[in-house]
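Here is how the chains run, residue by residue.
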Amino acid sequence: MPRIGKPTDLSNRILRLSLGSEAANRELRWMKEAIYEARPKISSVDFDATLKSYVKRRATGTPLTYVLGTQPFGPLSIKCRPPTLIPRPETEDWVTRLGQVISSVQSGSQSPISVLDICTGTGCIPMLLSCTSRSPITALGVDISEAAVNLAKENVTEAGLSGRIQIIKGDLFDDTFVRTVLSKATSQDGFDVITSNPPYIPQEEYDRLPPSVKHYEDQLALLGDRQGSGEADGLSFYHRIAELISKENLVRDGGILAVEHGLGQSAAVQNIISNALGHRVRRLEAWKDQWEKERAVVAFL
Ligand SMILES: C[S@@+](CC[C@H](N)C(=O)[O-])C[C@H]1O[C@@H](n2cnc3c(N)ncnc32)[C@H](O)[C@@H]1O
């Protein structure tokens, strides 16, 4: 292991100034671990130079995950880079729970559960479902962003899941969306499960986001008001998803629709789903996250 000398002391001082000593010590430890993990035989000189560059980026506001390059997500280590959204712990929470639900609902089934993940970002949702569900999963992840699609493909490949998860580029609001995804579905009746963590932040809230979010993560991944729609409540994506499911065979009867939403949006999202899908919804559940905040709506069809 390279000797850790003066540059690290200096790095420590710089980070302490911007983060406070407790967080600085913790983050420096993670940075060092990440450097060794990526390059176990790194020389002292290269180690110090890499650490300095990490500290510089962090001290000037780059989110830690982008500095380290990965985010833990359940048992997975998800590769992350700007501007693709960093997977959040609250997403990990409901997706883990969904994996358990899928396992119990589908227990005994030998054929794989098909999942469509709309707005897939890093691909973290279908990847975690593949790990947490006891039933075998095949999934299609779709995103409008080229950067996200490339990153998700890398993540899926590195996790050894490319035989089970396919990632494609697509725009939920495009007329060809349904035709494209259904051409990849294994059944004409649609997918077994649809998941989505779409952009859901209203414009007014987006304008007030801290620079650590707004300057690094894609506006496309955050802003829930579709441009030109006149909507200002962050709910454009839920209207579109519910509309498509009501008109097309996107999800089969007996299937599940699970969507994440922002704080205070649960009732509105439940209304959008029940109004659009009506009698097709057998049960609608509002799931809370690990901080007891309503975070996901799950419709059992
Ligand atoms: C909130 S992020 C979620 C990413 C990931 N699923 C997660 O949970 O970390 C929303 C994603 O939606 C994608 N997106 C935005 N508009 C879209 C559209 N019209 N069609 C498909 N994907 C879109 C963004 O590129 C972004 O990756």
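What counts as what
Residues numbered from 1 in each chain as written. Predicted model: local features only at pLDDT ≥ 70, side-chain atom pairs only at ≥ 80, totals over all residues. Heavy atoms only, no water. Buried < 20%, exposed > 50% of the residue type's maximum accessible area, 1.4 Å probe, protein only. Helix = DSSP H or I, 4+ residues; strand = E, 2+ residues; numbered from the N terminus. Pairing = 2+ DSSP bridges. Right-handed = clockwise from strand over helix to strand, strands pointing away. UniProt positions renumbered as here; feature names shortened; annotations may be inferred. Near = heavy atom within 4 Å. Polar contact = N/O pair within 3.5 Å; in protein donor to acceptor, adjacent residues only side chain to side chain. Areas by Shrake-Rupley, 256 points an atom, 1.4 Å probe, with all protein chains shown as cover. Nonpolar A, V, L, I, M, F, W, Y, C, P; charged D, E, K, R; others polar. Contact = heavy atoms within 4.5 Å. Axes fitted to C-alpha atoms, helices over the stretch in contact; angles between N-to-C directions. Parallel < 35°, antiparallel > 145°, perpendicular 65-115°, else oblique. Left-handed = near helix turned anticlockwise from the far one by under 90°.

*Asks:* It is not clear to me how the pairing of strand β4 (residues 137-143) should be interpreted in this structure. Could you clarify?
*Replies:* Two faces make up the sheet, and in a regular strand the side chains alternate between them. With respect to burial, β4 is a largely interior element, 6 of its 7 residues being buried. Here strand β3 (residues 113-118) runs beside β4; their pairing, made up of 6 bridges, is parallel. The residue bridging V115 from the neighbouring strand is A139, located in β4. Since β3 and β4 lie parallel, the crossover through helix α6 (residues 124-132) that links them has a hand, and here it is right-handed. One ladder, built from 5 bridges, connects β4 with strand β5 (residues 165-169); its direction is parallel. The residue of β5 that forms the bridge with A139 is I165. Considered for its hand, the β-α-β crossover made up of β4, helix α7 (residues 146-158) and β5 is right-handed.

*Asks:* I keep staring at the UniProt feature "domain: Methyltransferase" (unreviewed entry) in the protein and nothing clicks. Help me out?
*Replies:* UniProt's feature table lists "domain: Methyltransferase" (unreviewed entry) at residues 113-198, given in the numbering used throughout. Helix makes up 33% of residues 113-198 and strand 28%, whereas the separation of the span's terminal C-alpha atoms amounts to 22 Å.

*Asks:* Explanation requested: the site of the ligand in the structure shown.
*Replies:* Around the ligand, the structure places 21 residues, and the nearest of them are C119, D143, D171, L172 and N197. A distance of 3.2 Å separates a nitrogen atom of the ligand from a polar backbone atom of I144. Contact distances for the ligand include 2.8 Å between an oxygen atom and a side-chain N or O atom of N197. Starting from 600 Å² of accessible surface for the ligand in isolation, the protein chains cover 97%. Along the lines of polarity and charge, the residues of the shell around the ligand split into 13 nonpolar, 6 polar and 2 charged.

*Asks:* How do you make sense of the environment of E154 when you look at a structure like this?
*Replies:* Following the sequence through the fold, E154 ends up in helix α7. In contact with E154, other than residues within four places in its own chain, are K79 and R81.

*Asks:* Would you explain the packing of helix α2 (residues 21-38) against helix α3 (residues 44-59) in this entry?
*Replies:* A pair of packed helices is captured by two measures, namely the crossing angle of their axes and the spacing between those axes. Contact pair α2 / α3: the axes reach a minimum separation of 10 Å and the direction vectors enclose 135°. Taken together, the axes of α2 and α3 are oblique relative to one another. Between α2 and α3 lies a crossing whose hand is right-handed. Contact residues: E27, L28, M31, K32, I35 and Y36 in α2; F47, T50, L51, Y54, V55 and R58 in α3. Within the contact of α2 with α3, the residues separate by chemical class into 8 nonpolar, 1 polar and 3 charged.

*Asks:* Is there a simple way to explain the environment of S18 in this structure?
*Replies:* Turning to its location among the elements, S18 is positioned in helix α1 (residues 6-19). In this structure S18 comes out as partly exposed when scored by relative accessible area, which is 39%. Residues S18 and N197 lie 179 residues apart in sequence; the distance between their C-alpha atoms is 32 Å.

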